[in-house]
Amino acid sequence: MRLSRILMALTVGLAIVAVPTAAGAAQPQPPATTSTPQPPPDYPPATPSLTANPTTITIGETVVLTGTGFGPNEIVDIDVTVAPLAAAVPGQAPARRSDGTTVAMVKVDYSQPQPAPRHFTAQTDANGNFTVSYRPSDIGRITFTATGRTSGRTASTTITVLPKRKPHLPVTGDNLGTPLKVGGVLVGAGVVLMLTAFGWRRRQRFGMTR
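Described below are features of the structure shown in this document. (Residues numbered from 1 in each chain as written. Predicted model: local features only at pLDDT ≥ 70, side-chain atom pairs only at ≥ 80, totals over all residues. Heavy atoms only, no water.)

1. So, the packing of aromatic side chains
Part 1 of the reasoning: Scanning the model with the defined rule gives three aromatic pairs in all.
Part 2 of the reasoning: Consider the rings of Y134 and F144, whose centres lie 5.2 Å apart with planes at 80°: the pair is edge-to-face. Taken together, the residues Y134 in strand β8 (residues 130–134) and F144 in strand β9 (residues 140–148) connect sequence positions 10 residues apart. As far as the burial class goes, Y134 and F144 line up, both buried. (Phe/Tyr/Trp six-rings, centres within 6.5 Å; stacked < 30°, edge-to-face > 60°. Helix = DSSP H or I, 4+ residues; strand = E, 2+ residues; numbered from the N terminus. Buried < 20%, exposed > 50% of the residue type's maximum accessible area, 1.4 Å probe, protein only.)

Structure (structure tokens):
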């Protein structure tokens, strides 16, 4: 009897101890989290652009270049290419050949002591924008191409540089002949008046002596 009671007590005790363990095992466990490598942050999507103000200038003036949509706080390389004007420049008279045909003439201004650089750089701000000034020393169509060193983004714009206009001075033809003719008439009239006055005074003197 005692042995059966002892076995019964052990069985009940083991059952009581096993109940919490089974209850804990029955509870759902949270899913295991796995860490996946995240890609490095990239520049925000944007379309780079480069604008010039003004787009047509006279040699010696300055143009302002504005870039947007480049990488934040990066260096932008700007390359300059020059192409001659294809047509006659407004305000410049064409030169005439011996056969009667004409050709457009473009005069080069050497007032700027140093030629403008064909390559320079700009620094963008935190938003990927920059502003820089440029003073061309060549006449023609100038193209600026900006490329971000880090982002690789590129944009371009083109301006037209015209020569300085010179005042039109009458040097030949009717423009010069007309003033000469008027001056000759005035000189002739002055001579006639002087001779008339001299003759009148002479007659007066002879009249008084008689």
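2. Describing unusual backbone geometry
Excluding glycine, residues mostly carry a negative phi; peptide bonds, for their part, are mostly trans.
Part 1 of the reasoning: Cis rather than trans, the peptide bond between N53 and P54 has omega equal to -5°.
Part 2 of the reasoning: With respect to the helices and strands, P54 occurs in the loop between β1 (49–53) and β2 (56–58).
Part 3 of the reasoning: The phi angle at N73 is positive, at roughly 55°, despite the residue not being glycine.
Part 4 of the reasoning: With relative accessibility at 52%, the residue N73 sits in the exposed group.

3. Some details on the sheet that holds strand β4 (residues 75–83)
Part 1 of the reasoning: The five strands lie next to each other as β2-β10-β9-β4-β7, forming an open sheet whose pairing is mixed. With partners counted over all chains shown, the strands left at the sheet margins are β2 and β7 (119–123), one partner each. Put simply, the sheet's adjacent strands are angled 30° from each other on average, direction ignored.
Part 2 of the reasoning: In this sheet, strand β10 (residues 154–162) lies alongside β2 in parallel orientation, the contact comprising three bridges. (Pairing = 2+ DSSP bridges. Axes fitted to C-alpha atoms, helices over the stretch in contact; angles between N-to-C directions.)

4. Describing the pairing of β8
Within a regular strand, the side chains alternate between the two sheet faces.
Part 1 of the reasoning: Residues F130, V132 and Y134 point to one face of β8 and are all buried, whereas T131 and S133, pointing to the other face, are not buried.
Part 2 of the reasoning: Where strand β3 (residues 63–68) meets β8, five bridges bridge the pair, whose relative direction is antiparallel. Note that in β8 the partner of G67 across the bridge is F130.

5. What about the sheet that holds β3?
Part 1 of the reasoning: The strand order across the open sheet built from three strands is β1-β3-β8, with neighbouring strands paired in antiparallel fashion. Two strands lie at the open edges of the sheet, namely β1 and β8, each paired on one side alone. Here the average twist between neighbouring strands, direction ignored, is 20°.

6. Let's talk about the environment of P115
Part 1 of the reasoning: Within the secondary structure, P115 sits in the loop between β6 (102–103) and β7.
Part 2 of the reasoning: Assessed through its relative accessible area of 62%, P115 is described here as exposed.
Part 3 of the reasoning: Sequence separation between P115 and P136 is 21 residues, and the spatial gap between their C-alpha atoms is 7.8 Å.

7. Thoughts on the nonpolar core
Part 1 of the reasoning: If you look at the biggest cluster of nonpolar residues, it comprises 23 residues, and the most contacted ones within it are I78, F120, F130, F144 and I159.
Part 2 of the reasoning: Looking at this core, the elements with two or more residues in it are β1, β3, β4, β7, β8, β9 and β10. (Core = buried A, V, L, I, M, F, W, Y, C linked by side-chain atoms within 4.5 Å.)

8. Observations concerning the pairing of β10
Part 1 of the reasoning: Two strands pair when backbone bridges link them, and β9 and β10 are joined in this way by eight bridges, in the antiparallel orientation. The partner of T143 across the bridge, within β10, is T158.
Part 2 of the reasoning: From the end of β9 to the start of β10, which pair antiparallel, there are five residues, and G152 there has a positive phi angle of about 75°.

9. Description of the pattern of salt bridges
Part 1 of the reasoning: Counted by the stated rule, this structure contains two salt bridges.
Part 2 of the reasoning: One salt bridge connects D77 with R149, and the closest N-O pair in it is separated by 2.9 Å. With a gap of 72 residues between them, D77 in strand β4 and R149 in the loop between β9 and β10 connect regions that are remote in the sequence.
Part 3 of the reasoning: Relative accessible area serves as the criterion here: at 16%, D77 is assigned to the buried category. (Salt bridge = Lys/Arg side-chain N within 4 Å of Asp/Glu carboxyl O.)

10. Regarding the environment of T62
Part 1 of the reasoning: Looking at where T62 falls in the secondary structure, it is placed in the loop between β2 and β3.
Part 2 of the reasoning: Classification of T62 by relative accessible area gives partly exposed; the value is 42%.
Part 3 of the reasoning: Along the chain, T62 and R135 lie 73 residues apart, while their C-alpha atoms are 4.4 Å from each other.
Part 4 of the reasoning: Sequence-distant contacts of T62, that is, excluding residues within four places in its chain, are made with P54, S133, Y134 and R135. (Contact = heavy atoms within 4.5 Å.)

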